[in-house]
Amino acid sequence: MAKNSEIKLIGTAASPFVNRVQFVLHLKSIEYEFIDENLASKSELLLKSNPVYKKVPVLIHANKPPIPESLIIIEYLDEIYPDIHPILPSDPSVRADNRFWANFIDTKFFPLFEELRRTPEKEGKEAIKKQLIEGSKLLEEAFVKFSNGKDYFGGDDVGYLDIVLGCFLGWTKFVEKHNEFKIIDEVRTPKLLEWTKRIWSHEALMDAIPRNETLMDFYMMLQINRPPRKATSS
Amino acid sequence: MYKSSSPSISMTKKCEMKLLGITGSPFVTRVEFVLKLKSIEYEYFEEDLLNKSELLVTSNPVFRRVPVLLHANKQPMAESLPIMEYLDELKPDVHPLLPSDPSDRVQCRVLAYTFDTLCVPWIKEFMLTREKERKEELKTLLIEGFVMLEEAFVKLSKGKAFFCGDDIGYLDIVVGSCLGWIKLYGIVFDFNVIEEDRNPRLAEWGKNMWSHEVAKNVIPSHEIHMKFLNMLLDMFPPLPVSTNDAITGVMYWNLFDVMVDVVIASLMISGLSSPIWRVQLSSWMGEGWSTLKMNQGQFQARGSGGGESMKNEDVGPIMYLMYCDRKVR
């Protein structure tokens with residue numbers, strides 16, 4: 001049991017990026033203090049710890065400089081606790097491939113969720129839904145490759161991409177329900193769908209991902225603070 | 001034309017390591033830098049941006065961009081930072097790139113990420129944008145960014161010549177790959193991103209980089225970047241409307257500004273007194289780029305940007321009410 005009350009995590013329950021870090025801390029049995037942040041009114045601590053981006057999550061380990069960015073935090077935790085549930089695989093080329101897909105998810109796939117929320121017109125929304133579906137097909141291929149017949153991206157047990165993508169599932173379900181379409185379904189992405197059911201019931205993930213009400217609250221906060229763009233004619 | 005990377009390539013067996021790249025791309029430079037520092041032989045393939053090879057498209061179907069590293073029969077690798085880490089893990093004993101302490105390593109990664117998501121897009125946009133105002137804004141942003149980088153350098157280097165020590169490492173490569181562009185801006189635009197007054201340590205570091213045995217042969221010269229820039233300017237010539245208005249003498253830099261002035265003039269002639277007009281940066285009303293389109297006497301705002309920043313000053317709503325209510329009715 002890695003006891004370390006020196007670890008603090010600044011975050012908000014509704015953020016999938018924060019959830020990722022919580023997932024890893026849980027898997028590695030690392031104790032930590034969670035500092036809940038109100039994103040509509042950011043704390044002095046957050047602004048000081050992440051002056052460049054002012055975003056969560058931020059990990060503070062003892063008196064070392066704060067660490068922002070979920071993917072960077074995950075790699076750090078993996079380096080300081082390498083023996084307890086290693087997250088990244090050991091083969092360097094597989095590691096590179098994992099990092100590539102995490103970058104894809106964060107820069108190409110997930111931003112579409114926010115884009116969908118902010119686009120007012122039906123046409124625009126349909127175009128983004130299409131992109132999300134295309135993205136999910138790529139992720140299906142990636143899953144087949146990485147899992148190689150096993151249960152997770154990481155093989156027999158949860159690994160890097162299971163965490164990186166798995167933490168978006170709360171929002172995925174929310175967006176699917178809200179927009180009445182399926183991003184992951186049994187026809188286009190069968191393996192991925194099976195994976196979602198498996199990981200959704202994983203003990204460490206259930207601990208990390210918030211319930212629907214929290215997501216709804218966050219969604220409403222976004223609607224107010226960063227409302228959808230104005231629609232064009234009719 | 002880019003010369004072959006490995007002089008002995010004809011003598012050795014077929015190269016296991018292949019790099020797909022474009023001359024002048026800082027991301028490709030980074031990978032070559034690492035390959036040379038670690039004495040890894042490789043075969044280089046120059047890509048044509050307008051006519052991408054089958055190999056590139058199949059190796060990196062998601063992004064279709066360089067650099068791509070192909071190593072024997074392993075999965076093709078894309079994205080400069082993961083490739084750098086891969087090579088570092090492949091040959092950890094030859095010229096290690098990252099420091100050994102996890103806390104120092106993580107700060108290197110944070111700074112590389114910040115540089116790539118902020119400074120690099122600004123550097124790129126500065127080269128491509130024709131808009132004078134935007135160029136000025138980017139200058140300010142780049143100056144601020146590099147002041148921050150100077151502070152980071154002071155903290156991380158602990159008095160040494162390079163970012164993390166006595167010799168070139170991860171961050172020197174990440175930032176150093178842009179030195180050719182930085183030099184170009186100094187010569188062509190008279191804009192020094194790194195300046196001795198503002199960034200004394202970085203200025204010294206820059207000199208050390210240019211005189212480093214490996215670096216000076218890897219970092220593309222500003223002449224190479226100049227060729228690339230000229231190619232882009234030829235591909236995208238400036239619009240014919242960037243001329244002075246014959247009557248007012250006002251110089252227009254883009255068609256949008258012309259349209260806005262036409263609209264304003266028309267409304268004022270029609271009797272609209274003291275309208276509150278404001279154009280944010282180079283966009284109409286909001287954070288993104290938008291155009292105004294006159295449509296049967298009504299104004300519609302299109303595109304991104306919903307006037308959030310204007311609304312905070314109570315300007316946005318006023319404009320909307322004035323000009324959209326005909327349509328609303």
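This one's a predicted model, so the numbers in the text were calculated from it and none came from an experiment.

## Description of unusual backbone geometry
- Residue Pro57 of chain A is bonded to the preceding Val56 of chain A through a cis peptide linkage, with omega at 0 degrees.
- Note that Pro57 of chain A resides in the loop between helix H2 (44-49) and strand S3 (58-61).
- Positive phi outside glycine occurs at Glu180 of chain A, with the angle close to 55 degrees.
- Along the chain, Glu180 of chain A falls in the loop between helix H8 (169-179) and helix H9 (190-200).
- One non-glycine residue with positive phi stands out, namely Lys158 of chain B, at about 50 degrees.

## Some remarks on the sheet that holds strand S1 (residues 7-11) of chain A
Residues and elements named next belong to chain A.
- On the basis of which strands lie adjacent, the open sheet formed by 4 strands has the order S2-S1-S3-S4 and mixed pairing. In this open sheet, the two strands that pair with only one neighbour each are strand S2 (33-36) and strand S4 (67-68).
- Two elements, S1 and S2, share 4 bridges in a ladder whose sense is parallel. Among the inter-strand pairings, Ile10 is bridged to a residue of S2, identified as Ile35.
- Against the sheet, helix H1 (residues 16-27) engages S1, S2 and S3, with an angle of about 155 degrees to S1.

## Digging into the environment of Ile80 of chain A
- Among the secondary structure elements, Ile80 of chain A is positioned in helix H3 (residues 70-80).
- Ile80 of chain A gets classed as partly exposed once you look at its relative accessible area, which sits at 23%.
- Dropping the residues within four chain positions of it, Ile80 of chain A is found in contact with His61 of chain A together with Pro102 of chain B.

## Here we look at the pairing of strand S2 (residues 43-46) of chain B
Residues and elements named next belong to chain B.
- With 4 bridges connecting them, strand S1 (residues 17-21) and S2 associate as parallel partners. Bridge pairing in S2 places Lys18 opposite Glu43.
- Traced from S1 through helix H1 (residues 26-37) to S2, the parallel crossover comes out right-handed.

## Section: the packing of helix H6 (residues 122-147) of chain A against H9 of chain A
Residues and elements named next belong to chain A.
- Two numbers describe how H6 lies on H9: the axes approach to 8 Å, and their chain directions differ by 75 degrees. Classified by the angle their axes make, H6 and H9 are roughly perpendicular. Along the contact surface, H6 presents Ser136, Leu139, Glu140, Phe143 and Val144, while H9 presents Pro190, Lys191, Leu192, Trp195 and Arg198.
- Class assignment of the residues belonging to the contact of H6 with H9 gives a composition of 6 nonpolar, 1 polar and 3 charged.

## Observations concerning the side chain of Asn199 of chain B
- Among the structural elements, Asn199 of chain B can be located in the loop between helix H7 (179-188) and helix H8 (200-210).
- Those residues in contact with Asn199 of chain B that sit more than four places away from it in its chain are Phe146, Val147, Glu150, Val193 and Ile194 of chain B.

## Considerations on the packing of H3 of chain A against helix H4 (residues 102-128) of chain B
- Where H3 of chain A contacts H4 of chain B, the two axes come as close as 10 Å, and the packing angle between them is 165 degrees. Here H4 of chain B runs roughly antiparallel to H3 of chain A, going by the angle between their axes. Every pair of crossing elements has a handedness; the one defined by H3 of chain A and H4 of chain B is right-handed. Residues Ile72, Glu75, Tyr76, Glu79 and Ile80 of chain A of H3 of chain A lie in contact with H4 of chain B, whose contacting residues are Pro102, Ser103, Arg105, Val106, Arg109, Val110 and Tyr113 of chain B.
- Looking at side-chain class alone, the contact of H3 of chain A with H4 of chain B contains 7 nonpolar, 1 polar and 4 charged residues.

## Remarks on the environment of Trp205 of chain B
- Relative to the elements of secondary structure, Trp205 of chain B occurs in helix H8.
- Residues Trp205 of chain B and Thr23 of chain B lie 182 residues apart in sequence; the distance between their C-alpha atoms is 24 Å.

## Describing the nonpolar core
Residue and element names in this part refer to chain B.
- Counting 147 residues, the largest nonpolar core has Phe33, Leu69, Leu87, Phe115, Phe146 and Tyr170 as the members making the most contacts within it.
- Of all the elements, H4 adds the most residues to this core, at 12 residues.
- Not counting the four nearest positions on each side in its chain, Leu87 is found in contact with Met17, Val31, Val34, Leu35, Lys38, Ile40 and Leu69.

## Description of the pattern of salt bridges
- Scanning all chains against the criterion turns up 32 salt bridges over all chains.
- Residue Arg65 of chain B is joined to Glu79 of chain B by a salt bridge in which the shortest nitrogen-to-oxygen separation is 3.0 Å. Placement of Arg65 of chain B in the loop between helix H2 (54-59) and strand S3 (68-71) and of Glu79 of chain B in the loop between strand S4 (77-78) and helix H3 (80-90) is noted, with a sequence separation of 14 residues between them.
- On the accessibility criterion, Arg65 of chain B (35% relative accessible area) is partly exposed.
- Exposure remark for Glu79 of chain B: the relative accessible area of 16% places this residue in the buried category.
- Glu137 of chain B is the partner of Arg134 of chain B in a salt bridge, and the nearest nitrogen-oxygen pair spans 2.8 Å. Separated by 3 residues within a single helix, Arg134 of chain B and Glu137 of chain B lie in helix H5 (residues 132-157), roughly one turn from each other.
- Take Arg134 of chain B: its relative accessible area is 21%, and that puts it in the partly exposed class.
- Residue classification places Glu137 of chain B among the partly exposed positions, given a relative accessible area of 22%.
- One continuous salt-bridge network, built from bridges that share partners, spans Glu75, Glu79, Arg95 and Arg99 of chain A together with Glu85, Glu89, Arg105 and Arg109 of chain B.

## With respect to H3 of chain A
- Within H3 of chain A, 9 of the 11 residues are buried, leaving the element largely enclosed by the surrounding structure.
- Looking only at H3 of chain A, the buried set comprises Ser70, Leu71, Ile72, Ile73, Ile74, Glu75, Tyr76, Leu77 and Asp78 of chain A.

## A word on the domain arrangement of chain A
Residues and elements named next belong to chain A.
- Looking at the assigned domains, one finds that chain A contains domain 1 (7-80) and domain 2 (92-223).
- With centres defined by C-alpha atoms, the gap from domain 1 to domain 2 works out at 21 Å.
- Contact residues are listed per partner, giving 17 residues for domain 1 and 25 residues for domain 2.
- At the boundary of domain 1 with domain 2, total buried surface from both sides reaches about 1800 Å², with 72% on carbon and sulfur atoms.
- At the boundary of domain 1 and domain 2, one finds 2 salt bridges.
- When the shortest N-O distance is used, the salt bridge between Arg20 and Asp106 registers 2.7 Å.
- At the boundary of domain 1 and domain 2, one finds 6 residue pairs in polar contact (both at pLDDT 80 or more).

## Regarding the packing of aromatic side chains
- Across all of its chains, the model carries 25 aromatic pairs over all chains by this definition.
- Centre to centre, the rings of Phe100 of chain A and Trp101 of chain A are 5.6 Å apart; their planes meet at 85 degrees, and the pair counts as edge-to-face. For the pair formed by Phe100 of chain A and Trp101 of chain A, the shared burial category is buried.
- Both rings, one in Tyr185 of chain B and one in Phe189 of chain B, keep their centres 5.8 Å apart while their planes meet at 65 degrees; by these two values the pair is edge-to-face.
- Judged by relative accessible area, Phe189 of chain B falls into the partly exposed class, the value being 25%.
- Taken together through their ring pairs, the aromatic side chains of Phe17, Phe109, Phe110, Phe113 and Phe168 of chain A make up a single cluster.

Conventions used here
- Residues numbered from 1 in each chain as written.
- Chains lettered and ligands numbered in written order.
- Predicted model: local features only at pLDDT ≥ 70, side-chain atom pairs only at ≥ 80, totals over all residues.
- Heavy atoms only, no water.
- Helix = DSSP H or I, 4+ residues; strand = E, 2+ residues; numbered from the N terminus.
- Pairing = 2+ DSSP bridges.
- Contact = heavy atoms within 4.5 Å.
- Axes fitted to C-alpha atoms, helices over the stretch in contact; angles between N-to-C directions.
- Buried < 20%, exposed > 50% of the residue type's maximum accessible area, 1.4 Å probe, protein only.
- Right-handed = clockwise from strand over helix to strand, strands pointing away.
- Parallel < 35°, antiparallel > 145°, perpendicular 65-115°, else oblique.
- Nonpolar A, V, L, I, M, F, W, Y, C, P; charged D, E, K, R; others polar.
- Left-handed = near helix turned anticlockwise from the far one by under 90°.
- Core = buried A, V, L, I, M, F, W, Y, C linked by side-chain atoms within 4.5 Å.
- Salt bridge = Lys/Arg side-chain N within 4 Å of Asp/Glu carboxyl O.
- Domains from an automatic or database assignment.
- Buried area = accessible area lost by both parts, 1.4 Å probe.
- Polar contact = N/O pair within 3.5 Å; in protein donor to acceptor, adjacent residues only side chain to side chain.
- Phe/Tyr/Trp six-rings, centres within 6.5 Å; stacked < 30°, edge-to-face > 60°.

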